[in-house]
Amino acid sequence: MAGEKAVMVAGVGFRKGTSAADILVVVRNACAAAGVDVNETDALATADFKAADAGVIEAAQTLGLPLVACVREKLAQVSDRVLTRSETVEAAVGVPSVAEAAALVAAGRNATLLAPRVAVKNATCALAIGDGP
């Protein structure tokens, strides 16, 4: 993928059972905050232990995006690069930010966050751009 268009990924974190509607709201809010159109995103990413949740699956389908499940080990490897840290999330799942870490992991090589995560209700979203896997 070198030399091709950069990959933009929306990383999401959410409480179990969060609706697709709430996940879609936070993705759209994060895109608006970053000044990008949601249609510019190339994938929706989350932690592998959240990827089977019906809300995130439906949200990815609604957006027409592949859902990338990021393993905890990869999320931990980028934890020093997240902008927002939650002690509650870190205590529960072992990484300080699911949304930001998932966005970084899925965006691949040279990934950077466009902004800190955006939060609504039970969901968070962060956007990262990178060179892809």
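My aim in this report is to walk through the structure given alongside it, one point at a time.

Conventions and cut-offs
- Residues numbered from 1 in each chain as written.
- Predicted model: local features only at pLDDT ≥ 70, side-chain atom pairs only at ≥ 80, totals over all residues.
- Heavy atoms only, no water.
- Helix = DSSP H or I, 4+ residues; strand = E, 2+ residues; numbered from the N terminus.
- Buried < 20%, exposed > 50% of the residue type's maximum accessible area, 1.4 Å probe, protein only.
- Contact = heavy atoms within 4.5 Å.
- Areas by Shrake-Rupley, 256 points an atom, 1.4 Å probe, with all protein chains shown as cover.
- Lys, Arg positive; Asp, Glu negative; His and termini not counted.
- Charge placed at Lys NZ, Arg CZ, Asp CG, Glu CD.
- Disulfide = S-S within 2.5 Å.
- Polar contact = N/O pair within 3.5 Å; in protein donor to acceptor, adjacent residues only side chain to side chain.
- Arc of directions from axis to C-beta.
- Core = buried A, V, L, I, M, F, W, Y, C linked by side-chain atoms within 4.5 Å.

As for the overall build of the protein
Per the secondary structure count, the protein includes five helices and six strands. Element order for the protein, N to C, with α for helix and β for strand: β-α-β-α-β-α-α-α-β-β-β. Seen along its three principal axes, the alpha-carbon backbone of the protein occupies a region of about 40 × 30 × 25 Å. Across the 133 residues in the protein, those meeting the buried criterion constitute 50%. The contacts of the protein with a sequence gap of at least 6 include a subset with a gap of at least 24, amounting to 62%. Surface exposure of the protein reaches about 6,400 Å², of which carbon and sulfur atoms provide 52%. Charged side chains of the protein number 12 positive and 14 negative; the gap between the two group centres comes to 4 Å.

Focus on the state of the cysteines
Going through the model one piece at a time under the given rule, you end up with zero disulfides. For Cys-31, which is in no disulfide, the shortest distance to another cysteine sulfur is to Cys-125 and amounts to 6.3 Å.

Things to note about helix H5 (residues 98–107)
With nine of ten residues buried, H5 lies mostly within the body of the structure. Considered for burial, the residues of H5 that qualify are Val-98, Ala-99, Glu-100, Ala-101, Ala-102, Ala-103, Leu-104, Ala-106 and Ala-107. Where H5 starts, the residue carrying a side-chain oxygen 3.2 Å from the main-chain nitrogen of Glu-100 turns out to be Ser-97. Gly-108 sits one or two positions beyond H5 and adopts a positive phi of about 85°.

Quick look at the side chain of Thr-46
Mapped onto the elements, Thr-46 comes out in strand E2 (residues 43–47). Those residues in contact with Thr-46 that sit more than four places away from it in its chain are Val-12, Phe-14, Ala-51, Val-56, Leu-67, Val-68, Ala-69, Cys-70, Val-98 and Ala-102.

A look at helix H2 (residues 54–63)
Because each turn of an α-helix spans 3.6 residues, side chains separated by three or four positions in sequence point in the same direction. The complete set of buried residues in H2 reads Gly-55, Val-56, Ala-59, Ala-60 and Leu-63. Burial along H2 is one-sided: seen end-on, the buried residues are contained in an arc of 130°. In this structure, H2 carries Ala-54 and Gln-61 as exposed residues pointing more than 90 degrees from its buried face. In the core, the buried residues of H2 are packed alongside strand E1 (7–14), helix H1 (20–34), E2 and strand E3 (67–70). Looking one or two places after H2, you find Gly-64, whose phi comes out positive at around 70°.

Focus: the nonpolar core
Judged by nonpolar contacts, the single largest core of 24 residues is most densely connected at Val-12, Ile-23, Val-26, Val-27, Leu-44 and Cys-125. Elements with a contribution of two residues or more to this core: E1, H1, H2, strand E5 (118–120) and strand E6 (123–130). Sequence-distant contacts of Ile-23, that is, excluding residues within four places in its chain, are made with Val-12, Phe-14, Thr-18, Gly-55, Val-56, Ala-59 and Ala-123. Counting 23 residues, the second largest nonpolar core, distinct from the first, contains Cys-70, Leu-75, Val-78 and Val-93.

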